[in-house]
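One letter stands for each residue in the lines below.
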Amino acid sequence: MTTQPIARRRFNRLALSAMAAGLLAFALPQLAFAQDALAAAKAAGQIGERPDGLVGAVPGAPASAQALAEQVNAQRLARYREIAKGNGTALDKVQAVAGQQLIERTPAGQFVMNAAGQWQRK
């Protein structure tokens, strides 16, 4: 009788592990695709880095660039919130540090937003 609850727990763990693996298998390609699409949109001059650690669609960019920016920003904000909570820091401070680092790492020729809110090529 004691083996049945153990077997059931094992089954539940295996089922949860399989479900988690399935979710990861589904989510990871989407995350990779979003990053590839972001790099392509940035190289095409459609999306640029902002000082708040988020990305924005450059004026004149297609609607798909705006949709991609929103998707990337949702992922970034979730990560920034985790960092802020883990460090006991305000979200806007985390975003400011991330924004500065991302703008510094942006290659020449791509768009960045300056402190005045204007897009410029780096």
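Residues numbered from 1 in each chain as written. Predicted model: local features only at pLDDT ≥ 70, side-chain atom pairs only at ≥ 80, totals over all residues. Heavy atoms only, no water.

Under the annotation held in an unreviewed UniProt entry, the chain carries the name DUF1318 domain-containing protein and is attributed to Azospirillum ramasamyi.

**Here we look at the overall build of the chain**
Counting its secondary structure elements, the chain contains three helices and four strands. Mapped in sequence order, the helices and strands of the chain form the string α-β-β-α-α-β-β. The proportion of buried residues among the 122 residues of the chain is 27%. The contacts of the chain with a sequence gap of at least 6 include a subset with a gap of at least 24, amounting to 42%. Total accessible area computed for the chain in this model is approximately 8100 Å², and 61% of it derives from carbon and sulfur atoms. (Helix = DSSP H or I, 4+ residues; strand = E, 2+ residues; numbered from the N terminus. Buried < 20%, exposed > 50% of the residue type's maximum accessible area, 1.4 Å probe, protein only. Contact = heavy atoms within 4.5 Å. Areas by Shrake-Rupley, 256 points an atom, 1.4 Å probe, with all protein chains shown as cover.)

**Overview of the pattern of salt bridges**
The tally for this structure, following the rule as stated, stands at four salt bridges. Its salt-bridge partner being Lys 42, residue Glu 49 comes within 2.8 Å of it at the nearest N-O pair. No difference in accessibility class separates Glu 49 from Lys 42, as the two residues are buried. Residue Arg 79 is joined to Glu 82 by a salt bridge in which the shortest nitrogen-to-oxygen separation is 3.0 Å. Residue Arg 79 and its partner Glu 82 are located together in helix H2 (residues 63-87), separated by three residues, close to a single helical turn. Classification of Arg 79 by relative accessible area gives partly exposed; the value is 46%. Put simply, Lys 42, Glu 49 and Arg 76 are held in one network by salt bridges that share partners. (Salt bridge = Lys/Arg side-chain N within 4 Å of Asp/Glu carboxyl O.)

**As for the confidence of the model for the chain**
On average, residues of the chain carry a pLDDT of 83, and 72% of them reach 70 or more. Overall, residues 15-24 carries pLDDT values under 50, and its contacts beyond four positions in sequence, including any with other chains, amount to one contact. Within the model, pLDDT remains below 50 along residues 26-30, and this stretch shows one contact once partners closer than five positions in the same chain are excluded. (pLDDT = per-residue confidence, 0-100.)

**Comments concerning helix H3 (residues 91-105)**
In this model H3 runs 21 Å from its N-terminal to its C-terminal C-alpha over 15 residues, within 8% of the 21 Å that 1.5 Å per residue would give. Residues of H3 that are buried include every one of Val 94, Gln 95, Ala 98, Gly 99, Leu 102 and Ile 103, and no others. Across the axial projection of H3, the buried residues extend over an arc of 155 degrees, all falling on one side. Residues of H3 that are exposed and point over 90 degrees away from its buried face: Lys 93 and Glu 104. Looking at the buried positions of H3, the neighbouring elements they touch are strand E1 (47-49), H2 and strand E3 (111-113). (Expected span 1.5 Å × (residues − 1). Arc of directions from axis to C-beta.)

**A short note on the side chain of Arg 76**
Residue position: Arg 76 is located in helix H2. At 3.0 Å, the side chain of Arg 76 and the backbone oxygen of Gly 53 are in polar contact. Apart from residues no more than four positions distant in its own chain, Arg 76 is found in contact with Leu 38, Glu 49, Gly 53, Leu 54, Val 55 and Leu 102. (Polar contact = N/O pair within 3.5 Å; in protein donor to acceptor, adjacent residues only side chain to side chain.)

**What about the environment of Gln 95?**
Its location among the elements puts Gln 95 in helix H3. Given a relative accessible area of 11%, Gln 95 falls into the buried group. As a C-alpha pair, Gln 95 and Ala 84 span 11 residues in sequence and 9.1 Å in three-dimensional space. Every residue in contact with Gln 95, bar those within four places of it in the chain, is listed here: Pro 51, Asp 52, Gly 53, Leu 54, Leu 77 and Tyr 80.

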